[in-house]
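Commentary on secondary and tertiary structure
Letter by letter, the chains look like this.
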Amino acid sequence: MSDIYSSFEFDYEQALTLTGFGWFHYRLLALCGLIYANTAIGITVMSFVLPSATCDFRMTSEDKGWLTAAPMLGMVVGSYFWGCLADTKGRRIVLIAALLLDGTIGLLSTAAQIFPIFMFLRFINGFAITGAMGICFPYLGEFQPTAYREKILCWMELFWTLGIVALPCIAWLIIPLPFHFGTADGGVMFGSWNLFVALCSIPSLLLGLWLLYFPESPKFLIECGEPALALEILKDIYQTNTGRDRNECPVGRLKESDRSNTIMETHNRSIRTFNIHDPKHMKILLPEIWEQTKALCSAEFRRNTALACLIQFGITTSYYTLMIWFPELFGRFEVYEKRYPNATVSVCDVSSIVLENVNDTLVDDFCGTPIDTKVYWHTLLLGMACIPTSLWLPLCVHRLGAKFFLIFSLTVAGLVTVGLTYVGNSTQNLIFSCIFEALTSMGISTVYCVMVDLFPTNLRVMAAAFSLTFGRCGALLGNLLFGFLVDLNCFVPIVLFSIMLFGSAILCFFLPNTGTTALQ
């Protein structure tokens with residue numbers, strides 16, 4: 001059979017199907033899933049640093065707003081940078097670089113003793129982690145046969161949930177430890193929250209090293225004019241999936257990409273061979289990057305680009321702001337309910353009542369006060385609430401469609417966000433927060449799944465980066481806005497977040513159906 005097939009020239013989807021689906025794909029899903037789980041930890045780690053580091057850095061609510069915004073600003077800057085790099089140098093090498101940078105800077109940030117330096121290092125963390133987050137979906141998707149792609153990508157939501165569940169567990173184990181090292185003059189401080197940040201940084205380094213054992217995307221290599229190398233990778237996948245000798249692979253030849261590439265046509269070499277540190281090479285690469293960016297705004301892709309960016313902005317603004325601030329709000333509820341047992345109060349009221357006397361009371365009240373055990377437990381419940389939706393999405397996406405999940409999750413999440421302003425106690429707040437977390441996290445993962453099918457290979461990561469930039473801008477503005485208004489009038493940002501979710505749900509009606517076509 002392989003001798004008959006070897007005389008044909010296969011397109012990528014046909015070749016991918018013939019290599020089979022098996023052990024290689026499960027290993028790749030585990031790797032990319034853990035990378036996605038790691039990004040969940042990296043993005044939300046500040047939620048436990050806020051109450052824990054208040055004493056060391058003497059933070060007010062405005063300071064906390066800036067600290068949560070710093071990683072988001074890094075994501076805004078990094079999204080487009082990593083996207084350009086991944087579409088020129090390759091998915092795998094850029095993923096490795098982003099993960100190693102994130103892990104290294106995360107470890108360095110634990111030693112920062114000055115608030116602006118710590119904030120700058122968290123900015124770099126955001127810059128790095130957005131690269132891993134934006135590329136892992138296209139990288140995983142480009143290895144999947146059409147029949148499995150959407151379902152496999154949807155399983156990534158379960159790994160995000162794993163990260164959200166793991167974070168409070170790690171925090172609960174580490175932060176309450178009676179561990180605080182400091183010099184006599186107070187110049188050097190290292191407490192349990194520093195150790196917590198360090199432990200959360202190590203997985204990035206380990207995942208970056210594990211990725212060294214995986215190949216570059218064959219689809220990307222074909223687009224770069226390297227079908228021979230892509231064929232060798234497909235043979236390795238065939239051997240891993242079937243247990244047979246790689247030379248028995250039925251794919252003998254691969255069709256070259258029918259998409260024009262100015263660099264390959266002009267210089268007769270792969271775009272991957274250009275050195276970004278060489279000024280002469282950069283003069284060649286930059287126009288190509290600009291052409292790819294302009295292509296996203298061309299008549300063919302303009303509609304999908306606009307929809308992806310606006311939907312990302314609406315979801316991300318709401319999700320990342322509230323997710324990062326939930327432990328802080330849980331903590332404030334605990335403080336209030338201890339002072340005024342059996343009293344009824346809303347989320348917005350409790351924030352202003354905790355600050356009942358003078359400026360900076362928050363710092364004095366919380367300095368030296370450990371995080372209440374209920375805060376860890378409530379945050380853990382937030383993650384566990386995502387498990388049902390994480391299973392529902394991949395099991396039913398082929399039957400109901402990705403658009404259904406997007407519209408349903410965003411509409412109900414918008415209603416729940418409005419409901420947050422009417423809760424009367426911490427239990428009600430927890431229930432609404434769990435529903436919000438479960439639905440919005442499912443919505444974000446579904447958007448990433450949809451985007452793999454919306455754009456061709458040569459624009460896929462760039463498009464993801466472009467929309468992520470819009471999303472991170474929203475998260476940045478949301479965290480700054482919430483940090484400044486949470487003590488004054490948190491009703492305003494919560495209403496704005498609900499409007500954004502409703503708007504994103506309406507925009508999802510205009511998305512094309514996905515999951516049934518071959519990769520372009």
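Preceding this section is the structure that the text describes.
Calculation rules
Along each chain, residue indices are assigned from 1 in the same order as the chain's sequence is written. For this predicted model, a pLDDT threshold of at least 70 governs which residues receive local features, and a threshold of 80 or more governs which side-chain atom pairs are given and counted, while totals over whole chains, interfaces and linings are taken from all residues. Values shown for side chains rest on all heavy atoms present in the structure; no hydrogens or waters enter the calculation. Elements are defined by DSSP. Helices are runs of H or I of four residues or more, strands are runs of E of two residues or more, and each kind is numbered from the N terminus. Relative accessibility decides the category of a residue: with a 1.4 Å probe and only protein chains considered, values under 20% of the type maximum give buried, values over 50% give exposed, and everything between is partly exposed. What makes two residues a contact is simply this: any of their non-hydrogen atoms within 4.5 Å. Reported accessibility uses the Shrake-Rupley method at a 1.4 Å probe radius. Residues are deemed covered only where the shown protein chains occlude them. Identification of polar contacts relies on pairs of N or O atoms within 3.5 Å, with a donor-acceptor requirement for protein atoms, meaning one able to donate a hydrogen and the other able to accept it, and with residues adjacent in sequence counted only if both atoms are side-chain atoms. Among buried residues, the Ala, Val, Leu, Ile, Met, Phe, Trp, Tyr and Cys ones that are joined through side-chain atoms within 4.5 Å form a nonpolar core. Note that patches include only residues with greater than 30% relative accessible area and no salt bridge, and the join distances are 9 Å for like charges and 5 Å for nonpolar side chains (Val, Leu, Ile, Met, Phe, Trp, Tyr). Take a side-chain nitrogen of Lys or Arg and a carboxyl oxygen of Asp or Glu: if they are within 4 Å of each other, that pair is a salt bridge. The convention used is that axes are lines fitted to C-alpha atoms, helices contributing only their stretch in contact, and that angles between N-to-C directions extend from 0 to 180 degrees. Here is the rule for angles: anything less than 35 degrees is roughly parallel, anything more than 145 is roughly antiparallel, 65 through 115 is roughly perpendicular, and the remaining ranges are oblique. Each crossing gets its hand from how the near helix is turned against the far one by less than a right angle, where anticlockwise is left-handed and clockwise is right-handed. In this analysis, the expected span of each helix is defined as 1.5 Å times one less than the number of residues it contains. Here the aromatic set is Phe, Tyr and Trp, taking the six-membered ring for Trp, and pairing holds for ring centres within 6.5 Å; pairs whose planes are under 30 degrees apart are stacked, those over 60 apart are edge-to-face, and all others are tilted. Put simply, the grid is 1 Å and covers the protein atoms alone, a cavity is a trapped set of points that fit a 1.4 Å probe, a pocket is an open set with protein on both sides within 12 Å along at least five of seven lines, and lining residues have an atom within 4 Å of a point. Grid points are joined across faces, edges and corners, and a volume is the space filled by probe spheres set on the points. Any residue outside Ala, Val, Leu, Ile, Met, Phe, Trp, Tyr, Cys, Pro, Asp, Glu, Lys and Arg is labelled polar, Gly included; the first ten of those are nonpolar and the last four are charged.

1. Observations concerning the overall build of the protein chain
Along its length, the protein chain carries 24 helices and 4 strands. Of all 520 residues assigned to the protein chain, the portion counted as buried reaches 58%. Expressed as a percentage of contacts within the protein chain between residues at least 6 apart in sequence, the contacts between residues at least 24 apart total 81%. Total accessible area on the protein chain is roughly 20,100 Å²; 65% of this is exposed by carbon and sulfur atoms.

2. Section: the environment of Leu100
On the secondary structure map, Leu100 appears in helix α7 (residues 91–109). Judged by its relative accessible area of 30%, Leu100 is partly exposed. As a C-alpha pair, Leu100 and Ser201 span 101 residues in sequence and 9.6 Å in three-dimensional space. Apart from residues no more than four positions distant in its own chain, Leu100 is found in contact with Ser204, Leu205 and Gly208.

3. Brief notes about the side chain of Thr44
One can find Thr44 in helix α3 (residues 23–44). In this structure the side chain of Thr44 is engaged in a polar contact, spanning 2.5 Å, whose partner is the backbone oxygen of Ala40. The contacts of Thr44, once residues within four sequence positions are left out, are Ile164, Leu167, Met323 and Ile324.

4. Overview of the nonpolar core
Ranked by internal contacts, the top residues of the largest apolar core, which has 145 residues, are Tyr36, Phe137, Trp160, Phe196 and Tyr320. If you tally residues by element for this core, the top one is helix α8 (residues 115–141), at 14 residues. If sequence neighbours within four positions are ignored, Phe137 has contacts with Tyr36, Leu153, Met156, Ser445, Tyr448, Cys449 and Val452.

5. What about a nonpolar patch on the surface?
Side chains of Leu107, Leu199, Ile202, Leu206, Leu209, Leu212 and Tyr213 sit close together on the surface and give an oily, nonpolar patch of about 670 Å² of accessible area. A per-element tally of the nonpolar patch places helix α11 (residues 192–210) first, with 4 residues. Tracing the sequence through the fold places Leu206 in helix α11.

6. A few points about the packing of helix α10 (residues 156–174) against helix α19 (residues 373–384)
Two measures define how a pair of helices packs: the angle their axes make with one another and the distance between the axes. Running from amino to carboxyl end, α10 crosses α19 at an angle of 165°, the nearest separation of the two axes being 8 Å. By the angle class used here, α10 and α19 are roughly antiparallel. As α10 runs across α19, the sense of the crossing is left-handed. Of α19, the residues touching α10 (which contributes Thr161, Ile164, Val165, Pro168, Cys169, Ala171 and Trp172) are Thr373, Tyr376, Trp377, Thr379, Leu380, Gly383 and Met384.

7. Focus on α11
If you check α11, its first and last C-alpha atoms are 28 Å apart, about what 19 residues at 1.5 Å a residue would give, namely 27 Å. Regarding α11, the residues found buried are Ser192, Trp193, Asn194, Phe196, Val197, Ala198, Cys200, Ser201, Ser204, Leu207 and Gly208.

8. A closer look at the packing of aromatic side chains
Applying the stated criterion across every chain, the model contains 24 aromatic pairs. Aromatic pair Trp172 and Tyr376: ring centres 5.9 Å apart, planes at 10°, arrangement stacked. Here Trp172, found in helix α10, pairs with Tyr376, found in helix α19; they are 204 residues apart in sequence, far enough to count as distant.

9. Points about empty space enclosed by the protein
Under the definition given, this model contains 5 cavities of 30 Å³ or more. Empty space within the largest cavity amounts to approximately 140 Å³. What lines the largest cavity is a set of 15 residues, and nearest its centre among them are Gly42, Val45, Asp102, Arg122 and Asn125. When contributions to the lining of the largest cavity are tallied by element, the ones reaching two or more residues are α3, α7, α8 and α11. Counted by class, the lining of the largest cavity contains 6 nonpolar, 7 polar and 2 charged residues. By volume, the second largest cavity is sized at about 70 Å³. Contributing to the lining of the second largest cavity are Met133, Gly134, Phe137, Pro138, Tyr448, Met451, Val452, Arg460, Ala464 and Leu468. Looking at the lining of the second largest cavity, the elements with two or more residues in it are α8, α22 (426–454) and α23 (457–485). Of the residues contributing to the lining of the second largest cavity, the split by class is 8 nonpolar, 1 polar and 1 charged.

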